[in-house]
Amino acid sequence: MDGYDLLDNQDLIGLLKVSHRTLQRFRSDGKLPYCKYKGKAYYKLTDVHQFIREYFEGR
């Protein structure tokens, strides 16, 4: 997608050490931007880094 590094759900579950449901909640709550392609969710690596800084490091 336009030269961005993309991650899928499995990548993010492993990276963040969260469950599939928690990842779904992050998406539903608008905390983690994503795009869908052929029914599968993808996340820009830059958005994931921003999310980690805001959500995890603020704890």
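Here the structure is shown first, and the text comes after it.
Bear in mind the structure is a predicted one, so any value in this text is a computation, not a measurement. (Residues numbered from 1 in each chain as written. Predicted model: local features only at pLDDT ≥ 70, side-chain atom pairs only at ≥ 80, totals over all residues. Heavy atoms only, no water.)

> Where do I start with the sheet that holds strand β3 (residues 40–44) in this structure?
By definition, the strands of a sheet pair up through backbone hydrogen bonds, in either a parallel or an antiparallel sense. Spatial ordering of the open sheet is given by β1-β3-β2, a layout of 3 strands whose pairing is antiparallel. Of all strands in the sheet, those with a lone pairing partner are β1 (6–8) and β2 (35–37), marking the two edges. The sheet shows a mean angle of 45 degrees between the axes of neighbouring strands, taken without regard to direction. Summarising the sheet, β1 and β3 pair through 3 bridges and their orientation is antiparallel. Residue pairing across strands places Leu7 opposite Tyr43, the latter belonging to β3. (Pairing = 2+ DSSP bridges. Helix = DSSP H or I, 4+ residues; strand = E, 2+ residues; numbered from the N terminus. Axes fitted to C-alpha atoms, helices over the stretch in contact; angles between N-to-C directions.)

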